[in-house]
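Report on the structure
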Amino acid sequence: MKEKFKIALAQISCRREDKKANLQKIEEYAKKAKKQNAELVVFPELSLTGYTVRDEIYELAEKIPGPSTRIIEKLAKEIGIHIIFGMPELSEKTEATVYNSAVLVGPKGFIGKYRKMYLPTHSVFEEKRYFRPGYDVGAFETELGKIGLTICYDIFFPEVIRLTRLEGAKLIVCISASPAIRRTYFETLTTARAIENAAFIAYVNLVGLEDGLQFWGGSRLIGPNGNITAKAEYDEENLVVGEIDYADIRPVEIFVPTLRDLRPEIFEKLKVKTETL
Amino acid sequence: MNLTPSVLDLNWAEAETKIKRFIKDYVENSKAKGIVLGLSGGIDSSTAAALSALAIGGKKVLGLLMPEKETYNKRDIEDAKLVAEKFGLKTEIIDITPALEAIQKTIPAFNPEDKMCKGNLKARIRMVYLYYYANRLNLIVCGSSDKSETMIGYFTKWGDAAADIAPLMDLYKTQVRKLAEHIGLPREIAQKPSSPSLWPGQMAEEEIGIKYETLDLILYGLEHFMKTEEIARQLGLEKVTVDKVKNRWKSMEHKRRMPLTTKIQYRTAGFDFRLPHHSMTH
């Protein structure tokens, strides 16, 4: 396993309902990332289809593995890179049950998928109308260490990131489609999740306009001490590369030992109180 | 939350950028050749015109000045021309009086005393001209409705609110005034009292019965889920005044939506057909 590697944050806009165009852009950015020696490139939430596709989601969703993941797998093998991207996933057992998923593939093929657990259904968001939530966190062994996958609104729930960390992920990726008015929340929470878990957080947001919503970009790599070590532009397509060095975790974990100080009995109470809210 | 005027402060540079990006993106994706809009010389249409010009270039923006005999106001025409000149828009002047009179003559039920019906007719005639130009020249119709008017329904249904895009619709009137000054519209236009000019002497604040400074704070409170008691307390108003605004806010939803139908079949427009909105001409 590599202790040190480069990660590329591919902050793109997507053409809604146009998988072919989006796959082409993913290929283009993955190649650019490879040129800059990145070993992992991350794309935004639902980057295969665009975010605001509403009822068309049933036309666009695919099984995993499926035609689109096979194209991405081939790409990852060809250029020798790990790729994380988002897509609507059709359940294997039903005809129209869809998950909002993140997919991780590597140079040796498919590695894992994560189904978004927290589906925002308020304000401009209507995800519960379309998606079934996932029931487990995602943390996957790779040549680049154990990588955790989370999606957008998950970041508002420290339990998800915590559990992903406790599964052993030291790099937790959060792919996102966040419109402009939410910027402050994400900028605060991504840093908080990195510090409280002594982990790297790679946040990759969409840019562009969909249905009047403007996605703000601002993708970033945050170190375990909360420092932002790579940051993309706001509002514009951008590819930035940052470095992960897992050796950075140890001094932080000693300095602020949040993992040592975890109190399991609190979680029991949290469960009870949540059930009776 | 403290309902002080400062809650309405925005980062004006950011607001300008977002609106320009929205306009440019829409026009480009729709493959239209530009924008057409009604230019009255008032604050909203002047701001919409200026932002359109800043977004896609004045040469691609056509402002239609559509005066009419009864409400003709020289200053408004001059202000509209001033905005057009400053932001490099193309303009055309169309006197709508002959069209208005011709239509009035063919309406058996026409009553010249009913100024509201007659006024709305003017707004709808202007819409007809705008869409003619849009169709003929492959342009997007840019509306200039602001959030204050939209939320209390202070506009003509299928008249001035009829448009393909409404870039100012999420800014209250007092915010539009500030944005207008930020982008360099003359102060006399930015601060000019608002009037729909549907009949002579019609002034918005008089007709609505409340100053925009107060109305906008009430609407801001309602937007942020505040109770009317609390809004009234903070603004030193009678609760009944705030309730009146809230009732108007609620009862005008019919003007903000597509026509209601009753559900009969599997999927229905306006109910459960939820399709993505793609930028299109008409």
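Above: the structure in question.
In this numbering scheme, every chain counts its residues from 1 along its sequence in written order. Here the convention is simple: chains get letters from A, ligands get numbers from 1, in the order in which they are written. Local features in this predicted model are restricted to residues whose pLDDT is 70 or higher, and side-chain atom pairs enter the listing and the counts only when it is 80 or higher, whereas totals over whole chains, interfaces and linings include all residues. To get the side-chain values, all heavy atoms of the structure are used, and hydrogens and water are removed first.

1. Section: the overall build of chain B
Selection criterion: Secondary structure counts use DSSP, requiring at least four H or I residues in a row for a helix and at least two E residues in a row for a strand, with both numbered from the N terminus. Buried means the residue's accessible area, taken with a 1.4 Å probe over protein chains only, is under 20% of the maximum for its type, while exposed means over 50%, and partly exposed covers the values in between. Residue contacts are counted whenever heavy atoms from the two residues lie within 4.5 Å of one another.
Looking only at helices and strands, chain B features 13 helices and four strands. Counting only residues that meet the buried cut, chain B has 48% of its 282 residues in that class. Once local pairs closer than 6 in sequence are excluded, the contacts in chain B between residues at least 24 apart make up 75%.

2. Points about the pattern of salt bridges
Spelled out, the test is: What makes a salt bridge here is a side-chain nitrogen of Lys or Arg within 4 Å of a carboxyl oxygen of Asp or Glu, nothing more.
Per the counting criterion, the structure on display carries 48 salt bridges over all chains. Ionic pairing is found between E230(B) and R233(B), a salt bridge with its closest N-O pair at 3.0 Å. Linking E230(B) with R233(B), this pair stays in helix α11 (residues 228–235), spanning three residues, or about one helical turn. The class for R233(B) is exposed, based on a relative accessible area of 59%. Put simply, E89(A), E92(A), K113(A) and R115(A) are held in one network by salt bridges that share partners.

3. Observations regarding unusual backbone geometry
Residue and element names in this part refer to chain A. The amide bond that connects I64 to the next residue, P65, takes the cis arrangement and shows omega of 0°. In this structure, P65 sits in the loop between α2 (57–60) and α3 (67–79). Notably, A198 is not glycine yet its phi reads approximately 45°, a positive angle. Counting through the fold element by element, A198 comes out in the loop between α6 (183–197) and β9 (200–205).

4. What about the packing of aromatic side chains?
All names here are of chain A. Note the threshold: Pairing of aromatic side chains here covers Phe, Tyr and the six-membered ring of Trp, requires ring centres within 6.5 Å, and sorts the geometry by plane angle: under 30 degrees stacked, over 60 edge-to-face, intermediate tilted.
For the structure shown, the criterion picks out 13 aromatic pairs over all chains. Measuring from centroid to centroid gives 5.1 Å for Y153 and F157, while their planes differ by 90°, and the two rings are edge-to-face. Geometrically, the ring pair formed by Y203 and W216 is stacked, given 5.9 Å between the ring centres and 25° between the ring planes. Here the residue Y203 occupies a position in strand β9, and W216 occupies one in strand β11 (residues 213–216), the gap between them amounting to 13 residues.

5. Re the sheet that holds strand β3 (residues 82–90) of chain A
All names here are of chain A. The test is simple: At least two bridges found by DSSP between two strands are what make those strands a pair. Every axis corresponds to a line fitted to the C-alpha atoms, with the helix fit spanning only the stretch in contact, and the corresponding angles, defined between N-to-C directions, vary from 0 to 180 degrees.
Pairing in this open sheet of six strands is mixed, and the strands run β5-β4-β3-β2-β1-β14 from one edge to the other. Unpaired on one side and paired on the other, β5 (109–115) and β14 (238–245) mark the two borders of the sheet. The sheet shows a mean angle of 30° between the axes of neighbouring strands, direction not considered. In the sheet, strand β4 (residues 98–106) pairs with β5 via six bridges, with the strands oriented antiparallel. Pairing of S101 across the sheet is with R115, part of β5.

6. A word on the sheet that holds strand β8 (residues 171–176) of chain A
All names here are of chain A. As summarised here, the arrangement of the six strands in space is β6-β7-β8-β9-β12-β13, forming an open sheet in which the pairing is mixed. Single-partner strands in this sheet number two, and they are β6 (138–142) and β13 (228–231). On average, each strand axis in the sheet is inclined to that of its neighbour by 20°, with strand direction left out of account.

7. Here we look at the side chain of N205(A)
Residue and element names in this part refer to chain A. Put simply, the test is: Any pair of nitrogen or oxygen atoms within 3.5 Å is treated as a polar contact; in protein, a donor-acceptor pairing is required on top of that, and neighbouring residues in sequence qualify only through side-chain atoms on both sides.
Mapped onto the fold, N205 is located in strand β9. By relative accessible area, N205 is classed as buried at 0%. Polar contacts involving the side chain of N205 include one to the main-chain amide nitrogen of S178, which spans 2.8 Å. In contact with N205, other than residues within four places in its own chain, are Q11, P44, S176, A177, S178, W216, G217 and S219.

8. Examining the pairing of β4(A)
As a general feature of sheets, a regular strand has side chains that alternate between the two faces. All names here are of chain A. Of all nine residues that make up β4, nine are buried, and the element is covered over most of its length. Residues V98, N100, A102, L104 and G106 of β4 are buried on one face, and the alternating residues Y99, S101, V103 and V105, pointing to the opposite face, are buried as well. One ladder, built from eight bridges, connects β3 with β4; its direction is antiparallel. Bridging from a neighbouring strand, I84 pairs with L104 of β4.

9. Here's the deal with α3(A)
Residues spaced three or four apart along an α-helix face the same direction, because each turn holds 3.6 residues. Residues and elements named next belong to chain A. Operational definition: Given a helix with a known number of residues, its expected span is that number minus one, times 1.5 Å. An arc is given here, and it is the one of the directions from the helix axis to the C-beta atoms.
With 13 residues, α3 extends 19 Å between its outermost C-alpha atoms, agreeing within 8% with the 18 Å of an ideal straight helix rising 1.5 Å per residue. Burial in α3 covers these residues: S68, T69, I72, E73, L75, A76 and I79. Buried residues along α3 cover an arc of 160° about the axis, so they all sit on one side. The exposed residues of α3 that point more than 90 degrees off its buried face are P67, K74 and E78. On the buried face of α3, the contacting elements are α1 (19–35), β3, β4 and β5.

10. Points about the pairing of β8(A)
Residues and elements named next belong to chain A. For clarity, the threshold we go by: Handedness of a crossover is defined as follows: orient the strands so they point away from the viewer, and if the path from the first strand over the helix to the second runs clockwise, the crossover is right-handed.
Judged by how many residues are buried, β8 sits mostly within the fold: six of six residues are covered. Side chains L171, V173 and I175 project from β8 onto one buried face, and the interleaved I172, C174 and S176 project onto a second face that is buried too. Where strand β7 (residues 145–151) lies against β8, five bridges are found, and the strand directions are parallel. Within β8, the position partnered with I147 by the bridge is L171. Handedness of the crossover joining β7 and β8 through helix α5 (residues 158–166) is recorded here as right-handed. What joins β8 to β9 is α6, and the crossover it makes is right-handed.

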